[in-house]
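Coordinates in review
Each chain, written out:
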Amino acid sequence: MPLVNPQKMLEAARDGGYCVGAFNIVDFLSIEAVVAAAEATRAPVMLQTSSGVIKKFGVRKLVAMARLAADHSPVPVALHLDHGTDVKVLSEAIKAGYSSVMIDASEHPFEKNVAITKSVVEEAHAAGVSVEGEVGRVVGVEDDIVVHQDDAIYTTPEEALEFQRRTGVDFLAAAIGTAHGFYKVEPKLNIDTLRKIRAQATFPLVVHGGTGLPFEVIQELVRAGATKMNLSTQIKKTYIDGLYDYIAAKRTEYDIIKVLAHAKSELVTMISGYIEVLGGAGKAE
Ligand code: 13P
């Protein structure tokens, strides 16, 4: 089916108490792997592109690749721009056919974050595109965005609700102690903040930094109200490990299709596992 706006799938997840996996893709093979995992588990799914991937391919090529995979699939697939900081790029993505975008103006003070986010919401909504915003600051490294532990800002329920009300974002990333990249120390999670926002909010909530969280913690986050969970670093790890492992075991194999097929199959297995843990399996029906 054609790419879908993720708003309905996220609202269904919020009402149904499960979570939609949002997976950062890096090329067409990883797009195919995410869609194949969604098909295998019959789950709605979101493809996400980071600033690095956008720099490499450009938004038009990414939309074309996502459409190619989604058009032939029976499950709902959305294409989301992850951590957009450049309003020009966001505007290009909106015009090119992304189904949703994230404006990340969280490096700015609250009022400036509200103003920038609101302007992106106006443009996106006029084009039928949904918007994710961020309040508080998620730590770690996500391509060009580097936030040190000392600069972490935990979101409070009050500011989350005020931010959404004033900006009109469709879903909101709350900084609750998860981080981008591998965890070097055990994260201190504020799961209660998520619960409190969920109790008062009508909009879906996003948790970043899925890589490295134990599955039981992910399930607790889903029970607390996470309706979109982002996974990026684990995609890169599984992809690269898959290539290394195959090549190490068969150093004289020069059929590149077999090498790539192995990495893809490892990705499908890993992503399907996350979809199951998030509770999204069977929810495409
Ligand atoms: P991880 O790289 O920790 O999985 O985080 C992904 C993310 O939150 C992308 O926005």
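Once a new chain begins, its residue numbering starts again from 1 and follows that chain's sequence as written. Owing to the predicted nature of the model, reporting of local features is limited to residues with pLDDT of at least 70; listing and counting of side-chain atom pairs is limited to 80 or more, with chain, interface and lining totals taken over all residues. Processing note: side-chain calculations cover all non-hydrogen atoms of the structure and skip hydrogens and water entirely.

Re the site of the ligand
Note on definitions. A residue lies near a molecule or strand when any single heavy atom of the residue is within 4 Å of it. Every one of the 15 residues lining the ligand counts as a neighbour, but Asp82, Gly209, Thr211, Ser232 and Thr233 are closest to it. A distance of 3.0 Å is found between an oxygen atom of the ligand and a backbone nitrogen or oxygen belonging to Gly181. Going through the elements one at a time, β3 (77-84), β9 (179-180) and β11 (226-231) are the ones with two or more residues in the shell around the ligand. In the shell around the ligand, the residues fall into 2 nonpolar, 11 polar and 2 charged. Pairs of N or O atoms within 3.5 Å make up the polar contacts considered here, provided that, within protein, one atom can donate a hydrogen while the other can accept it, and that residues adjacent in sequence are counted only when both atoms are side-chain atoms. Strands here are runs of E lasting at least two residues and helices are runs of H or I lasting at least four, both read from the DSSP assignment and numbered beginning at the N terminus. Classification used: nonpolar for Ala, Val, Leu, Ile, Met, Phe, Trp, Tyr, Cys and Pro, charged for Asp, Glu, Lys and Arg, polar for all others including Gly.

Details of the sheet that holds strand β5 (residues 130-135)
Pairing between two strands is assigned when DSSP locates at least 2 bridges connecting them. Around the barrel, 8 strands lie side by side as β1-β2-β3-β4-β5-β8-β10-β11; this closed barrel has parallel pairing. Strand-to-strand, the axes of this sheet are offset by a mean angle of 25°, without reference to chain direction. For strand β1 (residues 20-24) and strand β2 (residues 45-49), the ladder comprises 3 bridges, and the chain directions are parallel. Pairing of Ala22 across the sheet is with Met46, part of β2. Any pair of residues with heavy atoms lying within 4.5 Å of one another is described as a contacting pair. For helices, the fitted axis covers only the stretch in contact; all axes are lines through C-alpha atoms, and the angles between them, taken along N-to-C directions, range from 0 to 180 degrees. Across the face of the sheet, helix α4 (residues 59-71) comes into contact with β2 and β3 while running at roughly 150° to β3. Helix-sheet contacts for helix α9 (residues 215-224) involve β10 (205-207) and β11, and the interaxial angle to β11 is about 145°.

Comments concerning the packing of helix α8 (residues 191-200) against α9
Remark: α8 packs on α9, axes separated minimally by 8 Å, with the N-to-C direction vectors making an angle of 25°. As summarised for this structure, α8 and α9 are arranged roughly parallel, according to the angle between their axes. Residues Ile191, Leu194, Arg195 and Arg198 of α8 pack against Glu220, Leu221 and Ala224 of α9. Its residues assigned to classes, the contact of α8 with α9 shows 4 nonpolar, no polar and 3 charged. Roughly parallel refers to an angle under 35 degrees, roughly antiparallel to one over 145, roughly perpendicular to one between 65 and 115, and oblique to any angle outside these ranges.

Re the packing of aromatic side chains
Put simply, two rings from Phe, Tyr or Trp (the six-membered ring, in Trp's case) pair if the centres are within 6.5 Å, and we call them stacked under 30 degrees between planes, edge-to-face over 60, tilted for the rest. Considering all chains together, one arrives at 2 aromatic pairs under this definition. On the basis of an interplanar angle of 65° and a centroid distance of 6.0 Å, the ring pair of Phe110 and Phe163 is categorised as edge-to-face. Here Phe110, found in helix α6 (residues 110-126), pairs with Phe163, found in helix α7 (residues 157-167); they are 53 residues apart in sequence, far enough to count as distant. For every residue, the accessible area (1.4 Å probe, protein chains only) is compared with the maximum for its type, and the residue is labelled buried under 20%, exposed over 50%, or partly exposed between those bounds. Relative accessible area serves as the criterion here: at 0%, Phe163 is assigned to the buried category. Here Phe215 and Tyr274 contribute two aromatic rings whose centre-to-centre distance is 5.2 Å and whose plane-to-plane angle is 80°, an arrangement assigned as edge-to-face. One end of the pair, Phe215, is in helix α9; the other, Tyr274, is in helix α11 (residues 256-278), and 59 residues separate them in sequence.

Here we look at the pattern of salt bridges
A pair can form between side chains of opposite charge whenever their charged atoms are brought close. Think of a salt bridge as a Lys or Arg side-chain nitrogen and an Asp or Glu carboxyl oxygen that are within 4 Å of each other. Following the criterion strictly, the structure yields 10 salt bridges and no others. Salt-bridge contacts for Lys228 lead to Glu132; the nearest nitrogen and oxygen are separated by 2.7 Å. Of this pair, Lys228 sits in strand β11 while Glu132 sits in strand β5, placing them 96 residues apart in sequence. Relative accessible area serves as the criterion here: at 0%, Glu132 is assigned to the buried category. With a closest N to O distance of 3.6 Å, Asp192 and Lys196 form a salt bridge. Within this pair, Asp192 and its partner Lys196 are both found in helix α8, separated by 4 residues, close to a single helical turn. On the basis of relative accessibility, which here comes to 46%, the residue Lys196 falls in the partly exposed class.

Quick look at the pairing of strand β4 (residues 100-103)
It is a general feature of regular strands that their side chains alternate between the two faces of the sheet. Alternating residues of β4 divide into Ser100 and Met102 and Val101 and Ile103, and every residue in both groups is buried. The pairing of β3 with β4 spans 3 bridges and is parallel. Each residue of the ladder has a partner; that of His80, found in β4, is Ser100. Crossover connection from β3 via helix α5 (residues 87-96) to parallel β4: handedness right-handed. The pairing of β4 with β5 spans 4 bridges and is classified as parallel. Whether a crossover is right-handed comes down to one check: with the strands pointing away from the viewer, does the path from the first strand over the helix to the second run clockwise; if it does, it is right-handed.

A word on a nonpolar patch on the surface
For patch detection, residues must exceed 30% relative accessible area and be free of salt bridges, and they are connected within 9 Å for like charges or within 5 Å for nonpolar side chains (Val, Leu, Ile, Met, Phe, Trp, Tyr). Throughout, the Shrake-Rupley method with a 1.4 Å probe supplies accessible areas, and for residues the shown protein chains are the sole cover considered. A contiguous nonpolar surface patch, about 300 Å² in accessible area, is contributed by Ile256, Ile257 and Leu260. Examined against the element boundaries, Ile257 turns out to sit in helix α11. Exposure remark for Ile257: the relative accessible area of 62% places this residue in the exposed category.

Any functional reading would require information that these geometric values do not contain.
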